[in-house]
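Architecture at a glance
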Amino acid sequence: MTRVKRVQFYEVWMPLKAGFRTSFGETRLRPAIIVGVEDESGTVGWGEIVAGEGPWYSYETVWTAWHIALDFLVKMIPEDGDPEKFIASAERVRGHNMAKAGIEMALWDLKARLEGVPLYRLIGGVRREVRVGVSIGIKDSVEELLEAIAYYLDQGYARIKIKIAPGWDLEVVDRVRKEYPDIPLQVDANAAYTLLDGPRLKKLDDYDLLMIEQPFHYSDLLEHADFQSMIKTPLCLDESIKSHREAVAALRLDSARIINIKPGRVGGIIESLRIHDIWSMKAHRPVWIGGMLETGVGRGHLVALATLPGVAYPSDISASDRYYEEDIVDEPWKLQPGSKLVAPDKPGIGVEVDYDKLVKHSKRTKEVRLH
Ligand code: OSB
Ligand code: MG
């Protein structure tokens, strides 16, 4: 066991190659807080807090996360850096899962690096190659969307997810399906509908979609259960699942057949593993790993999670160049043949942070000395 000496926080603002629009707004500059936890030997483990600029996807923002991480959570890091102990202490903080997850993931990366093992192996991964797809935002026109889809298919992505919202749904899906009758296709509403839209949304059953992601309010497992009983297409929950508790409730209620696990949303790797085990191992329902436009640091954790045995659909983990001109890690994440990313056979998340690039994109930084 080791002794944690120093924690570094970098608030970065990463320019996206193209704006990313969902039912709750558009992102052009992606903020994130990169967390580096250093031990007495000088080894650094890296994590990423994925809170956004505004409280849209979640109530957390990069400002609330900075406050909670620096004023409360950092003091809860145990001397030996054990992620389990950190999470046990951090339970006292209600919510703020993204802030917790960024620190917890840095501790996992540190642990894996100190043990000299890849993170995916430490958490029970069973493969190095993971199937991935691309998530495409709302565009100004269907033509523009079709162009984007053609571009990503040409890049080698095999599964396409498109964002939907009232006014940008059935017609769009119809046009995409006519153009591409056979591609694996799914839609994500980011909670933009209510059950009153159910009869109309039911027409999505005609398009052979892999799944419909989070059509209704994030707190409404009952609406999802009612709608799932009306349609053939599997529903997938994203925003509704904030911990294993909602995952258990969603199973009991039959609110969905699939869960998209995002470590930031659920508070880290331990909670992700719990949801994975309950949902896929015990209930034999598939899961996949969702994304939050992460930099190469957070992406490393997503890739490690996607190697778990219960991950049975392509994950929202595209290559670095789908998001950024310049990622902050070496090597940037590259798409491999077969629409895959590969978990490196190196300690931890398997990529190194490029300090020059990290500092170049940072708007504020803070160092905290511990123990
Ligand atoms: O709902 O899955 C979502 C990005 C930001 C916030 C919410 C979502 C998304 C994505 C992007 O769909 C997935 C990615 O990182 O490529
Ligand atoms: Mg989603």
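Bear in mind that the values here come from a model prediction, so they are computed numbers and not experimental data.

Thresholds, definitions, all that
Residues numbered from 1 in each chain as written. Chains lettered and ligands numbered in written order. Predicted model: local features only at pLDDT ≥ 70, side-chain atom pairs only at ≥ 80, totals over all residues. Heavy atoms only, no water. Domains from an automatic or database assignment. Contact = heavy atoms within 4.5 Å. Salt bridge = Lys/Arg side-chain N within 4 Å of Asp/Glu carboxyl O. Polar contact = N/O pair within 3.5 Å; in protein donor to acceptor, adjacent residues only side chain to side chain. Nonpolar A, V, L, I, M, F, W, Y, C, P; charged D, E, K, R; others polar. Donors = N, O, S within 2.8 Å, 3.2 Å for Na, K, Ca; no water. Helix = DSSP H or I, 4+ residues; strand = E, 2+ residues; numbered from the N terminus. Buried < 20%, exposed > 50% of the residue type's maximum accessible area, 1.4 Å probe, protein only. Axes fitted to C-alpha atoms, helices over the stretch in contact; angles between N-to-C directions. Left-handed = near helix turned anticlockwise from the far one by under 90°. Near = heavy atom within 4 Å. Areas by Shrake-Rupley, 256 points an atom, 1.4 Å probe, with all protein chains shown as cover. Phe/Tyr/Trp six-rings, centres within 6.5 Å; stacked < 30°, edge-to-face > 60°. Expected span 1.5 Å × (residues − 1). Pairing = 2+ DSSP bridges.

Take the domain arrangement of the protein chain next. What the domain assignment reports for the protein chain is domain 1 (4–116 + 354–369) and domain 2 (121–342). Using only C-alpha atoms to locate each centre, domain 1 and domain 2 end up separated by 23 Å. Opposite the 35 residues of domain 1 that make contact, domain 2 presents 43 residues. In this assembly, domain 1 and domain 2 are joined by two salt bridges. For Arg-21, the salt bridge identified is with Asp-140, shortest N-O distance 3.2 Å. Taken together, the connections running from domain 1 to domain 2 amount to 20 residue pairs in polar contact (both at pLDDT 80 or more). Here the residues of the side of domain 1 that touches domain 2 sort into 17 nonpolar, five polar and 13 charged.

Right, let's talk about the coordination of the magnesium ion (ligand 2) for a bit. Within the protein, the magnesium ion (ligand 2) binds to Asp-188 (OD), Glu-213 (OE) and Asp-238 (OD); these donor distances fall in the range 2.0 to 2.3 Å. All donor residues of the magnesium ion (ligand 2) come from one chain, and their arrangement in sequence is D-x24-E-x24-D. Of this pair, Asp-188 sits in strand E7 (residues 185–188) while Glu-213 sits in strand E8 (residues 212–213), and the two are 25 residues apart along the sequence. There is no split in this pair, since Asp-188 and Glu-213 are both buried.

Moving on, we get to the packing of helix H8 (residues 221–230) against helix H9 (residues 244–253). Interaxial distance between H8 and H9 falls to 10 Å at its minimum, and their mutual angle equals 35 degrees. In the crossing of H8 with H9, the sense of the turn from one axis to the other is right-handed. Facing H8, whose interface residues are Leu-221, Leu-222 and Ala-225, H9 presents Glu-246, Ala-249, Ala-250 and Leu-253. Looking at the contact of H8 with H9 residue by residue, the class counts come to six nonpolar, no polar and one charged.

This paragraph deals with the site of ligand 1. Inspection of the region around ligand 1 gives 15 residues, with Ser-135, Asn-190, Lys-262, Leu-293 and Tyr-323 positioned closest. Ser-135 places a polar side-chain atom, nitrogen or oxygen, 2.9 Å from an oxygen atom of ligand 1. In the environment of ligand 1, an oxygen atom lies 3.4 Å from a nitrogen or oxygen atom belonging to the backbone of Met-292. Relative to its unbound accessible area of 390 Å², ligand 1 is 97% covered by the protein chains. The residue makeup of the shell around ligand 1, split by class, is five nonpolar, three polar and seven charged.

Each neighbour pair has its own omega, and for Asp-330 with Glu-331 the value is -15 degrees, a cis peptide bond. In this fold, Glu-331 is placed in the loop between strand E12 (329–330) and strand E13 (340–342). Of note in the backbone geometry, Asn-190 takes a positive phi value of approximately 45 degrees without being a glycine. The residue Asn-190 is located in the loop between E7 and helix H7 (198–201) in this model. The exposure class assigned to Asn-190 is buried, which follows from its relative accessible area of 6%. The backbone of Ala-191 shows a phi angle near 65 degrees, a positive value even though the residue is not glycine.

Within the secondary structure, Met-14 sits in strand E1 (residues 4–22). Along the primary structure Met-14 and Ala-32 are separated by 18 residues, whereas in three dimensions their C-alpha atoms are 8.0 Å apart. Once residues lying within four places of it in the same chain are set aside, the contact partners of Met-14 are Arg-28, Leu-29, Arg-30, Thr-295, Tyr-324, Glu-326, Asp-327, Ile-328 and His-361.

Quick look at the packing of aromatic side chains now. In this structure the tally under the stated criterion is nine aromatic pairs. Between Tyr-10 and Trp-46, the ring centres sit 6.4 Å apart and the planes meet at 45 degrees, which makes this aromatic pair tilted. Pair noted here: Tyr-10 is in strand E1 and Trp-46 is in strand E3 (residues 44–49), with a separation of 36 residues, a long-range link. Like Trp-46, Tyr-10 is buried. Arranged with centres 5.9 Å apart and planes meeting at 50 degrees, the rings of Trp-13 and Trp-63 form a pair that is tilted.

Note: α-helices contain 3.6 residues per turn, so residues at a spacing of three or four share the same orientation. Over its 19 residues, helix H3 (residues 97–115) extends 26 Å from the first C-alpha to the last, a length consistent with the 27 Å expected when each residue adds 1.5 Å. Where burial is concerned, most of H3 is hidden: 16 out of the 19 residues are buried. Among the residues trailing H3, Gly-116 stands out with phi positive, at a value near 70 degrees.

The sheet built from seven strands is open, its strands ordered E5-E6-E7-E8-E9-E10-E11 with parallel pairing. In the strand order of this sheet, the two ends are held by strand E5 (134–136) and strand E11 (287–289), each with one partner. Here E5 runs beside strand E6 (residues 160–163); their pairing, made up of three bridges, is parallel. Within E6, the residue paired with Val-134 across the bridge is Ile-160. Contacts from helix H11 (residues 269–282) reach strand E10 (258–261) and E11 within the one sheet, and its direction differs from that of E10 by about 165 degrees.

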